[in-house]
Structure formats: C-alpha cells, structure tokens
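Spelled out, the chains give:
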Amino acid sequence: MSFSRINLWSEGDIPTVRVMSRLLNDMVGQGNCHTKLIGALDWESLLHGLNIFCRVCDPRYSWLPAYLKKNNVPYVFYLDDNLWKITGSGELARHYQSSGVVSTLDGFVRGAEFVITHNQVMVEFIESRFPEVLCKLLPVPFDVSLTDVKSKDFSSSLSNKPVVGYAGSYKEEEFKLLEKVINQFGRDRPEVRFEF
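Just so it is clear, the model here is predicted, and its values are computed rather than measured.

Quick notes on the rules
Residues numbered from 1 in each chain as written. Predicted model: local features only at pLDDT ≥ 70, side-chain atom pairs only at ≥ 80, totals over all residues. Heavy atoms only, no water. Buried < 20%, exposed > 50% of the residue type's maximum accessible area, 1.4 Å probe, protein only. Salt bridge = Lys/Arg side-chain N within 4 Å of Asp/Glu carboxyl O. Helix = DSSP H or I, 4+ residues; strand = E, 2+ residues; numbered from the N terminus. Core = buried A, V, L, I, M, F, W, Y, C linked by side-chain atoms within 4.5 Å. Contact = heavy atoms within 4.5 Å.

1. Quick look at unusual backbone geometry
One non-glycine residue, Arg-55, adopts positive backbone phi at about 60°. On the basis of relative accessible area, Arg-55 is assigned to the buried category, the value being 13%. For Asn-72, which is not glycine, the phi torsion reads 55° and is therefore positive. Here Asn-72 falls in the exposed class, since its relative accessible area comes to 68%.

2. Thoughts on the pattern of salt bridges
Within the structure shown, the criterion is met by seven salt bridges. Between Arg-110 and Glu-132 there is a salt bridge; the shortest N-O distance is 3.7 Å. One end of the pair, Arg-110, is in helix α5 (residues 99-111); the other, Glu-132, is in the loop between α6 (120-129) and β6 (135-137), and 22 residues separate them in sequence. Among the residues examined, Arg-110 registers a relative accessible area of 48% and is labelled partly exposed. One network of salt bridges, in which partners are shared, links Arg-55, Asp-80 and Asp-81.

3. Brief notes about the nonpolar core
Note that soluble globular proteins tend to have their nonpolar side chains buried in a common cluster. Counting residues in hydrophobic clusters, the biggest one holds 29 residues, and the most contacted among them are Phe-53, Phe-77, Trp-84, Phe-108, Val-109, Val-115 and Ile-126. Aside from chain neighbours lying at most four places away, what touches Phe-108 is Phe-53, Val-56, Tyr-61, Leu-64, Pro-65, Tyr-75 and Phe-77. Leu-8, Leu-24, Val-28 and Leu-50 belong to the second largest nonpolar core, which has 14 residues in total.

Written out as structure tokens, the structure reads:
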C-alpha cells in the first residue's frame, strides 16, 4: 500500500470532505489525494493507496467493510460528528437514526485499522462504544493563509463584549430553532454578539 496516494471516499461533496482533501493534499503533495464518491467505487483504486472513508454509512455499502477485510484491503475511517447522537424529527435525524445507517456506520468503524476524529469527546465515545477499535485524535486544521490577518486592523473591533460564534455548514431545521433563541437572547443580553 502506498502512502503517497490517498483515496478519500465519501457519500457526497460536503465541506468536511473538502477540508480533509485539502489537508491530505498538503500532507502527501498536491494531486496525490484522490477524492471520490463511494458510488464510483472501483477495485483498482482500492488496491492503490491508502483508503480513507469519510462519514460513510449508507446501507447500500454495508457489505464493504467485510469485503475489504476478506481481501486484505485495510482502511481508515474518518468521522467529525457523532452521527449516533443526532436527534430530532427532521429528515436528517430520521436518516441517521435508522437501523440500517447505524449498523453500516458500526460496521465501517469496527472494520477500520483505526478511526480519526477531531475531538477528545468523540475519541472517548468511540472507545467506549467500540473497545476493540483504535481511535486517533487529529487536531482541527485551520489554514491561516485563508485569512489575511496581517493587513487587517482589528483594534477597533476588539472589545470586552462576549461573542458567540459558529463555524460549519447551514442546517435549515436547526437554524430555525436557533433564530428564536438568538432573538430572545438578544433582547435579554444585547451586549452579546453572534457571529456565524
């Protein structure tokens, strides 16, 4: 297996995959991380390079971890959110709560050489749910070159007022709930600033 080539498999083009692809390309050299949709899975790619599966839990691929193990193809599993703990009644919550998705996610985690995640809470959750699985903590990467902080004057915007921030992708159902909370919070605590 070559570590100069990485196959990053995912179910869709989401911000998580783009961030990981950029980080991996920085590690192994531009053009050596091949981001692929799991729907385009092919044996040739699986045999050449390190395979990383990012958040894959579609029940259509529940067979894949056992198949890879049977054919001696190791892989790494990457997970940045606790998909087992997504709650609610919306479409996304129903998807992740379904038994087929949970079973597939469990299978991918159990079959991995190791799991990578970004926070200690997730490491502890995975280690408690899967005591036999090795889980590694990868600190969240942030590319400071994306912000041109040297040329900006932040002195006028700095204050002692509290700021609540969120960085992530837009989730319509969750933000509808937050809108009410933030509006009420803004009336009660106008000194607090929210940044999304």
